[in-house]
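What follows is each chain in one-letter form.
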Amino acid sequence: MIKRLIQILSKKKPQNITIVSGLPRSGTSMMMKMLEAGGLPPLTDKLRTADDDNPKGYYEFERVKKLDQGDIAWLSEAQGKAVKVISALLTYLPPTYTYRVIFMHRAMPEILASQKKMLIRRQEDADDTRDEEMAGLYLKHLQRVDSWISGRPNIKRIDVNFNEILKNPQPYIKRINNFLDGILDTGKAEAVIDPRLYRQRES
Amino acid sequence: MFGSKIKIDKELLTRATDYAAKSGYSSVEEFVSHLIEKEISRQDESLSEDKVKKRLQGLGYLS
């Protein structure tokens, strides 16, 4: 009986998976870096290395891109860590785990301008869809993702605005830390914010 | 409201009329219009998701 009790008490409690999400170029890498500096380890394979678009690294885990193909085995490794999952892949997360989603927002013209630069650098077609149309498509996409998240009892969510956090980080970091049950070293997380990386300001 | 007409198989129309009544539509025209709107919207949604997917692939965020 006592042996059984010890076994139950010593059994590792499943931990939340912290997900940093949003549209690409909405500040997800900066948030990952903040979480890492604040003491929450990232799940990353460092395959996509720093470049002109993300001088401080992408903080990606390649297998995330295969979520839509059913690759979910890696999620057990993500417990107790932070992992970047773009909004388009969130809906493939299985209900098996509990997730805390930090959802990044940024002014749409800035996202589109930054994406355009990145497409050009990657030698992809940057003009296949007009900005106005792409903005509309993204807004619809975000509404669908919002609706999906709101129906999931295993997901807690906080929304963070990239533009605002750069202007006034402290209240945001406090809210994020509360959301994460106070695990962050907020001073170290704040020290990571580098307004010099804010290169696609709305005019 | 229903100024235009379309042809539909008589038997299918009977089934559609019955179904519309059972489902609470005020008329078979309302039922058919709703179905068409839903289908167009579904197709639009799929098309827009495809465009988003293409953009994300171009950016290297989707495989």
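Above this note sits the structure.
So, here is what we can say about the structure in this document. (Residues numbered from 1 in each chain as written. Chains lettered and ligands numbered in written order. Predicted model: local features only at pLDDT ≥ 70, side-chain atom pairs only at ≥ 80, totals over all residues. Heavy atoms only, no water.)

As a further point, take the overall build of chain B. Within chain B, the regular secondary structure consists of two helices and zero strands. Taken over C-alpha atoms, the radius of gyration comes to 18 Å for chain B, far larger than the 11 Å a tight globule of 63 residues would show. Expressed along its principal axes, the backbone C-alpha trace of chain B runs to roughly 50 × 25 × 20 Å. Residues counted as buried form 21% of the 63 residues belonging to chain B. In the form shown here, chain B has an accessible surface area of approximately 4900 Å², with 55% of it arising from carbon and sulfur atoms. (Helix = DSSP H or I, 4+ residues; strand = E, 2+ residues; numbered from the N terminus. Rg over C-alpha atoms; globule rule 2.2 N^0.38 Å. Buried < 20%, exposed > 50% of the residue type's maximum accessible area, 1.4 Å probe, protein only. Areas by Shrake-Rupley, 256 points an atom, 1.4 Å probe, with all protein chains shown as cover.)

Scanning the model with the defined rule gives four aromatic pairs over all chains in all. Look at A:Phe61 and A:Trp74: their rings are 5.5 Å apart centre to centre, the planes differ by 55 degrees, and that puts the pair in the tilted class. Highlighted residues: A:Phe61 in the loop between α2 (28-38) and β2 (82-84) and A:Trp74 in the loop between α2 and β2, separated in sequence by 13 residues. With a centroid separation of 5.2 Å and 40 degrees between ring planes, the pair formed by B:Tyr19 and B:Phe31 is classed as tilted. With B:Tyr19 in helix α1 (residues 10-22) and B:Phe31 in helix α2 (residues 28-58), the pair connects residues that are 12 residues apart, well separated along the chain. One aromatic cluster in this structure is built from B:Tyr19, B:Tyr25 and B:Phe31. (Phe/Tyr/Trp six-rings, centres within 6.5 Å; stacked < 30°, edge-to-face > 60°.)

With that settled, the discussion passes to unusual backbone geometry. At A:Arg25, a position not held by glycine, the phi torsion is positive, near 75 degrees. Owing to a relative accessible area of 10%, A:Arg25 belongs among the buried residues under this scheme.

Our next topic: the interface of chain A and chain B. Opposite the 27 residues of chain A that make contact, chain B presents 15 residues. Here chain A and chain B share three salt bridges between them. Ionic pairing is found between A:Glu133 and B:Lys51, a salt bridge with its closest N-O pair at 2.6 Å. Those elements that place two or more of their residues in the side of chain A that touches chain B are α3 (87-90), α4 (108-121) and α5 (131-150) of chain A. The element contributing the most residues to the side of chain A that touches chain B is α5(A), with six residues. (Contact = heavy atoms within 4.5 Å. Salt bridge = Lys/Arg side-chain N within 4 Å of Asp/Glu carboxyl O.)

With that out of the way, let us pick up the pairing of strand β1 (residues 17-22) of chain A. Residue and element names in this part refer to chain A. In terms of burial, β1 is largely enclosed, as six of its six residues are buried. By the alternation rule, side chains of β1 split into Ile17, Ile19 and Ser21 and Thr18, Val20 and Gly22, which are all buried. For β1 and strand β3 (residues 99-105), the ladder comprises six bridges, and the chain directions are parallel. The residue bridging serine 21 from the neighbouring strand is phenylalanine 103, located in β3. Pairing analysis gives three bridges linking β1 to β2, with the strands arranged parallel. (Pairing = 2+ DSSP bridges.)

Across soluble globular proteins, you tend to see nonpolar side chains buried next to one another. Ranked by internal contacts, the top residues of the largest apolar core, which has 42 residues, are A:Ile19, A:Trp74, A:Val83, A:Tyr99 and A:Tyr138. Mapped by element, the contributors of at least two residues to this core are β1, α3, β3, α4 and α5 of chain A together with α2 of chain B. Here this core takes eight residues from α5(A), the largest share from any one element. For A:Tyr138, the contacting residues outside a window of four places in its chain are A:Leu23, A:Met108, A:Leu112, A:Gln115, B:Val52, B:Arg55, B:Leu56 and B:Leu59. Membership of the second largest hydrophobic core comes to 25 residues, among which are A:Leu35, A:Leu40, A:Met104 and A:Val160. (Core = buried A, V, L, I, M, F, W, Y, C linked by side-chain atoms within 4.5 Å.)

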